Amino acid sequence: MTDQTDLQGRQTLQASESVVVDLSDYRHARDPLPVTFHRRELDQILWVYGRMVGEGEWRDYALDHMRDKAVFSVFKRSGEQPLYRVEKTPKLAAKQGAYAVVNTHGMILKRGHELAQVLKVFDKLLKVVKS
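An unreviewed UniProt entry lists the protein chain under the name DUF2794 domain-containing protein, with Rhizobium quercicola as the source organism.

Next up, the structure:
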């Protein structure tokens, strides 16, 4: 009986030695790359940001790239909490939409599948001025 168990142990050892794993595939499976904004997405966000800076509404921003989402935070002053966060969460793309605008209190102001539609939350409505 002892010879059989030793023989089985050697067979499993040889089987595990013959497996070759690509190191880059292993690293990606173990530590996935963080979610980032693409260039066109950043262009759209920075266009809105530039407009709001020109109006004196916003002054600073921050970018965060995490495993599950990317966040563009907007600040009135750099020492405060962000006024708004533009979030990209790819896991929600098939359900509610990957993009969302969240205010300081964590309330989702707008969510959708297209970034341009979500960013329209920052468009101000024209008001009628009586003279």
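Now that the structure is up, let's keep going.
Which parts of the structure should I look at to understand the pairing of strand β5 (residues 108–112)?
Looking along a regular strand, one sees side chains alternate from face to face of the sheet. Summarising the sheet, strand β4 (residues 99–103) and β5 pair through four bridges and their orientation is antiparallel. Looking at the pairing, Tyr99 lines up with Gly112 of β5. Hairpin connection, β4 to β5: the antiparallel pair is bridged by four residues, and Gly106 has positive phi, about 90°.

Quick question: what am I supposed to make of the nonpolar core here?
Most often, soluble globular proteins have nonpolar side chains that are buried together. Counting residues in hydrophobic clusters, the biggest one holds 18 residues, and the most contacted among them are Ile45, Trp58, Phe72, Val86, Leu119 and Phe122. Contributing elements (two or more residues each) for this core: α3 (39–54), β2 (70–75), β4 and α4 (115–119). The element that contributes the greatest number of residues to this core is α3, accounting for four residues. Apart from residues no more than four positions distant in its own chain, Trp58 is found in contact with Val48, Tyr49, Met52, Val53, Val74, Phe75, Leu83, Tyr84 and Phe122.

Even after reading the chapter, I still don't get the environment of Lys110, so can you show me in this structure?
Mapped onto the elements, Lys110 comes out in strand β5. According to the relative accessible area criterion, Lys110 is partly exposed, its value standing at 31%. Sequence separation of Lys110 and Gly97 is 13 residues, and the distance between their C-alpha atoms is 10.0 Å. With near-sequence residues (within four places) excluded, Lys110 lies in contact with Tyr99, Ala100, Val101, Gln117, Val118, Lys120 and Val121. Among the polar contacts made by the side chain of Lys110, one reaches the main-chain carbonyl oxygen of Gln117 at a distance of 3.2 Å.

What is the right way to read the packing of aromatic side chains from this model?
Each aromatic ring pair is specified by the distance between its two centres and by the angle formed by the two planes. In this structure the tally under the stated criterion is seven aromatic pairs. Judged by centre distance (5.0 Å) and plane angle (70°), the rings of Tyr49 and Tyr61 are edge-to-face. Highlighted residues: Tyr49 in helix α3 and Tyr61 in strand β1 (residues 60–65), separated in sequence by twelve residues. On the basis of relative accessible area, Tyr49 is assigned to the buried category, the value being 12%. When the centroid spacing of 5.0 Å and the interplanar angle of 15° are considered together, the rings of Tyr61 and Phe72 count as stacked. Taken together, the residues span a long stretch of sequence, with Tyr61 in strand β1 and Phe72 in strand β2 at a distance of eleven residues.

Conventions and cut-offs
- Residues numbered from 1 in each chain as written.
- Predicted model: local features only at pLDDT ≥ 70, side-chain atom pairs only at ≥ 80, totals over all residues.
- Heavy atoms only, no water.
- Pairing = 2+ DSSP bridges.
- Helix = DSSP H or I, 4+ residues; strand = E, 2+ residues; numbered from the N terminus.
- Core = buried A, V, L, I, M, F, W, Y, C linked by side-chain atoms within 4.5 Å.
- Buried < 20%, exposed > 50% of the residue type's maximum accessible area, 1.4 Å probe, protein only.
- Contact = heavy atoms within 4.5 Å.
- Polar contact = N/O pair within 3.5 Å; in protein donor to acceptor, adjacent residues only side chain to side chain.
- Phe/Tyr/Trp six-rings, centres within 6.5 Å; stacked < 30°, edge-to-face > 60°.

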